[in-house]
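Residue strings, one per chain:
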Amino acid sequence: KKFGTTAIKFDGTGDYLTVPSIPNFDNYSAYCIEMWVNTSATYGYLLHNKRPGTIGDNQNAGMRLSVGNIRDGDDPGKVVWIETMYAGSDHTVTSSSRVDDGEWHHIAATRGTQNNPVKLYIDGVHETSGTTANQNFDSSRPLYIGRSTADDDYFTGYIEEIRISDDTNRYTTD
């Protein structure tokens, strides 16, 4: 437990949380997603929000934050943010440092309004920025914490102090 006496423990075999909808995060809203994470696992979803469908049908769009690039099977232990666009094109942002050492790490992903890149911060340090991103949360779909929307790739470890806000001013310097 990083702070206080509680943290959410995910055992990698079916534990997850859902947020039914995120009504304030549509229309290309700016956002900041942050949390403390403690894991020894090289892969696992931290957050996932996606419209159902298949690539190319203008429905398969969404966002995911994970340890390791689960979809492509690379970048083990690194923090990966992927925005999947309607037509199947992606914007991927990957940290340079690993977080799978069994220690607590602060993760933050920020994005301004439409056409602004996602920035990743690990332990308060700006590590990387992506290309211009255009995807929103699907405010009509649940946000999954600790697994994918497909009911797989469960996270193993602890998550604490999850905050999703429309305030990107918290992290303004590189």
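Right, let's walk through the structure included here. (Residues numbered from 1 in each chain as written. Predicted model: local features only at pLDDT ≥ 70, side-chain atom pairs only at ≥ 80, totals over all residues. Heavy atoms only, no water.)

## Considering the overall build of the protein chain
The condition that has to hold: Numbering of helices and strands starts at the N terminus; helices are DSSP runs of H or I of at least 4 residues and strands are runs of E of at least 2. Note on exposure labels: buried denotes an accessible area under 20% of the residue type's maximum, exposed denotes more than 50%, and partly exposed covers the range between, all computed with a 1.4 Å probe on protein chains only. Contact criterion: two residues are considered in contact whenever any of their non-hydrogen atoms come within 4.5 Å of each other. Per-residue accessibility takes into account occlusion by the displayed protein chains alone, with areas from the Shrake-Rupley method and a 1.4 Å probe.
Across its full length, the protein chain holds zero helices and twelve strands. Listing the helices and strands of the protein chain from first to last along the sequence gives β-β-β-β-β-β-β-β-β-β-β-β. Of all 174 residues assigned to the protein chain, the portion counted as buried reaches 46%. Looking at the protein chain alone, contacts between residues at least 24 apart form 64% of all its contacts between residues at least 6 apart. Counting every atom, the protein chain has about 7,900 Å² of accessible surface; 43% of that belongs to carbon and sulfur.

## Let's talk about the pairing of strand S3 (residues 31-38)
Put simply, side chains in a regular strand alternate between the two faces of the sheet. For clarity, the threshold we go by: A strand pair is defined by DSSP finding two or more bridges across the two strands.
In terms of residue burial, S3 counts as a mostly covered element, since eight of its eight residues are buried. Taking every second residue as pointing to the same face, both faces of S3 are buried, with Tyr-31, Ile-33, Met-35 and Val-37 on one and Cys-32, Glu-34, Trp-36 and Asn-38 on the other. Relative to strand S8 (residues 104-111), S3 runs antiparallel, the two being bridged by eight bridges. Looking at S8, one finds that Ile-33 is bridged to Ala-109. Bridging between S3 and strand S12 (residues 156-165) involves six bridges; their strand directions are antiparallel. Residue pairing for S12: Val-37 is matched across the bridge by Ile-159.

## Considerations on the pairing of S8
Summarising burial for S8: eight of the eight residues are buried, a large majority. Here S8 shows two buried faces, one formed by Trp-104, His-106, Ala-108 and Thr-110 and the other by His-105, Ile-107, Ala-109 and Arg-111. Of the strand pairs in this sheet, S8 and strand S9 (residues 116-122) are connected by four bridges, and their pairing is antiparallel. Its bridge partner being in S9, Ile-107 is matched across the sheet by Ile-122.

## Comments concerning the pattern of salt bridges
In plain terms, the rule: Salt-bridge detection follows one rule: a side-chain nitrogen of Lys or Arg within 4 Å of a carboxyl oxygen of Asp or Glu.
Applying the stated criterion across every chain yields a total of two salt bridges. In this structure, Glu-34 and Arg-163 form a salt bridge, with 3.0 Å as the shortest nitrogen-oxygen distance. One end of the pair, Glu-34, is in strand S3; the other, Arg-163, is in strand S12, with 129 residues separating them in the sequence. Since its relative accessible area comes to 3%, Glu-34 is described here as buried. Of the residues examined, Arg-163 reaches a relative accessible area of 39% and is grouped as partly exposed. Measuring nitrogen to oxygen at the nearest pair gives 2.7 Å for the salt bridge that ties Asp-100 to Arg-98. According to the relative accessible area criterion, Asp-100 is buried, its value standing at 14%.

## So, the packing of aromatic side chains
Here is the rule we go by: Ring pairs are drawn from Phe, Tyr and Trp, using the six-membered ring of Trp, whenever the two centres fall within 6.5 Å, and their geometry is named by plane angle: stacked under 30 degrees, edge-to-face over 60, tilted for the rest.
A full pass over the atoms with the stated rule returns four aromatic pairs. Ring centres of Trp-104 and Tyr-158 lie 6.3 Å apart, and the angle between their planes is 50°; this geometry places the pair in the tilted category. With a gap of 54 residues between them, Trp-104 in strand S8 and Tyr-158 in strand S12 connect regions that are remote in the sequence. Overall, the relative accessible area of 17% leaves Trp-104 in the buried class.

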